[in-house]
Amino acid sequence: MYDPVISKLAMEAVRNLPQEVVHRVTKATPFSKEEEDAIASCGIKSTAATVDLAHFESLRSSQATVFHPTRTARALLTHWQYMKQYSLLPDQAVQPLPKQENAQHILNFHDGEEQVVDSELMDPPDLKLNSELAIVDRMAKKEIRRLEAEVGKWSIVVEQVTGQPSPDFDNQTLAVLRGRLVRYLMRSREITVGRAAQEHTVDVDLTLEGPASKVSRKQAVIKLTNSGEFYLANEGSRPVMVNGKAIITGEMARLANNTVVEFCNLRFVFLINLELIEAIRTEAAKNQFVAKQ
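Note that the coordinates shown come from a computational prediction; the quantities given were computed from them, not determined experimentally.

1. A word on the sheet that holds strand β6 (residues 220-224)
At step 1: One open sheet accounts for 5 strands, arranged β5-β4-β6-β7-β10; its pairing is mixed. The open sheet has two edge strands with one neighbour each: β5 (204-205) and β10 (252-255).
At step 2: Across 2 bridges, the pairing between strand β4 (residues 190-194) and β5 is parallel. By the bridge assignment, G194 is partnered in β5 with D205.

Right, dumping it as structure tokens:
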């Protein structure tokens, strides 16, 4: 995008470039079609034994509007020699394609390139490699489809704590399980807590918080009852600490706001969205009252 301030600074920097840098850059300017036509029509035959440098000095002076200001007679002579080398002068003719009976004819580069068949230069197809790539492609697509299908089921959002204060709740978050590094947002009435594996998924993956090798794959279930209360059920092999009290396998504990929950030395604070829970209770009471009528 154009910025007038930056453009002005850039132009000022260009004007302040050393003269040797400017000369080196402008000297490398490619020859235009008009310049090459003027050189080709200078009247010097390609068969000339010697070429006078003064002839190109005269050409540069007589056609000053055609040539770039940095062109010198030596530069014009050098370019004329290049044109002669590549058969670009008017009195030079491109050699025709060789005839079959003339076996001694030597092809030039252009004619030889015309006879090259690109398909013959390609490597033969590697069937084994192509088969492996096809398998990998199918597996990747299958994994993408699986992830896309699970997007709608994800009810936990994991966010890294940046140290800056941010709101814990929105109108969809029932509660938050806040750890030292991450926080888990509870957005459904029931979530599973544990350690995710290749073929086992949980809503709250404790491996994101820290070392969780001792945590069971399904360590606990946190559930919101119809009365608006949260309960934690321990379904793992190790106890879960709730406010310092051990909850062993098969037991349940009520989770109040600001409850400290510890899974194998991974400590969290359970925060409840009190406004949303109160709204759910009020709506449930209204529905119960209407049902009784």
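2. Here's the deal with the side chain of E262
At step 1: Take E262: it is sitting in strand β11 (residues 259-263).
At step 2: Among the residues examined, E262 registers a relative accessible area of 17% and is labelled buried.
At step 3: Within the structure, the side chain of E262 is placed 3.3 Å from the side chain of R267, a separation counted as a polar contact.

3. Here we look at the pairing of β11
At step 1: Burial within β11 is extensive, with 4 of its 5 residues counted as buried.
At step 2: Relative to β11, strand β8 (residues 240-242) runs antiparallel, the two sharing 3 bridges. By the bridge assignment, M241 is partnered in β11 with E262.
At step 3: In terms of strand pairing, β11 meets strand β12 (residues 266-272) through 5 bridges, oriented antiparallel. Note on β12: the bridge partner recorded for V261 is F268.

4. Focus on the packing of helix α4 (residues 53-62) against helix α5 (residues 73-85)
When two helices pack together, their arrangement is captured by the angle between the axes and the distance separating the axes.
At step 1: Interaxial distance between α4 and α5 falls to 8 Å at its minimum, and their mutual angle equals 110°. As the angle between them shows, α4 and α5 are arranged roughly perpendicular. On α5, the residues that touch L53, F56, E57 and R60 of α4 are A73, R74, L76, L77 and W80.
At step 2: A class-by-class count of the residues in the contact of α4 with α5 yields 6 nonpolar, no polar and 3 charged.

5. Quick look at helix α1 (residues 4-15)
At step 1: Under the 1.5 Å per step criterion, the end-to-end length of α1 is 16 Å for 12 residues, consistent within 8% with the ideal 16 Å.
At step 2: For α1, a buried count of 0 out of 12 residues is recorded, marking the element as mostly open to its surroundings.

6. Focus: the nonpolar core
At step 1: Of all hydrophobic cores here, the largest spans 30 residues; its most connected members are L206, I222, F230, L232, L255, F263 and F270.
At step 2: It is β12 that contributes the most residues to this core, 4 residues altogether.
At step 3: Not counting residues within four places of it along the chain, the set of residues in contact with F230 comprises L174, A175, M186, I222, K223, L224, A253, R254, L255, F270, I272 and I277.

7. Some details on the pattern of salt bridges
At step 1: Using the criterion set out here, one finds 10 salt bridges in the structure.
At step 2: Measuring nitrogen to oxygen at the nearest pair gives 3.0 Å for the salt bridge that ties D37 to K33. Residue D37 and its partner K33 are located together in helix α3 (residues 33-40), separated by 4 residues, close to a single helical turn.
At step 3: Take K33: its relative accessible area is 54%, and that puts it in the exposed class.
At step 4: A salt bridge links E35 to R71, with the nearest nitrogen and oxygen atoms 3.0 Å apart. On the criterion of sequence distance, the pair formed by E35 in helix α3 and R71 in the loop between α4 and α5 is long-range, its members being 36 residues apart.
At step 5: For E35, a relative accessible area of 2% gives the class buried.
At step 6: By relative accessible area, which is 4% here, R71 ends up buried.

About the thresholds
- Residues numbered from 1 in each chain as written.
- Predicted model: local features only at pLDDT ≥ 70, side-chain atom pairs only at ≥ 80, totals over all residues.
- Heavy atoms only, no water.
- Pairing = 2+ DSSP bridges.
- Helix = DSSP H or I, 4+ residues; strand = E, 2+ residues; numbered from the N terminus.
- Buried < 20%, exposed > 50% of the residue type's maximum accessible area, 1.4 Å probe, protein only.
- Polar contact = N/O pair within 3.5 Å; in protein donor to acceptor, adjacent residues only side chain to side chain.
- Axes fitted to C-alpha atoms, helices over the stretch in contact; angles between N-to-C directions.
- Parallel < 35°, antiparallel > 145°, perpendicular 65-115°, else oblique.
- Contact = heavy atoms within 4.5 Å.
- Nonpolar A, V, L, I, M, F, W, Y, C, P; charged D, E, K, R; others polar.
- Expected span 1.5 Å × (residues − 1).
- Core = buried A, V, L, I, M, F, W, Y, C linked by side-chain atoms within 4.5 Å.
- Salt bridge = Lys/Arg side-chain N within 4 Å of Asp/Glu carboxyl O.

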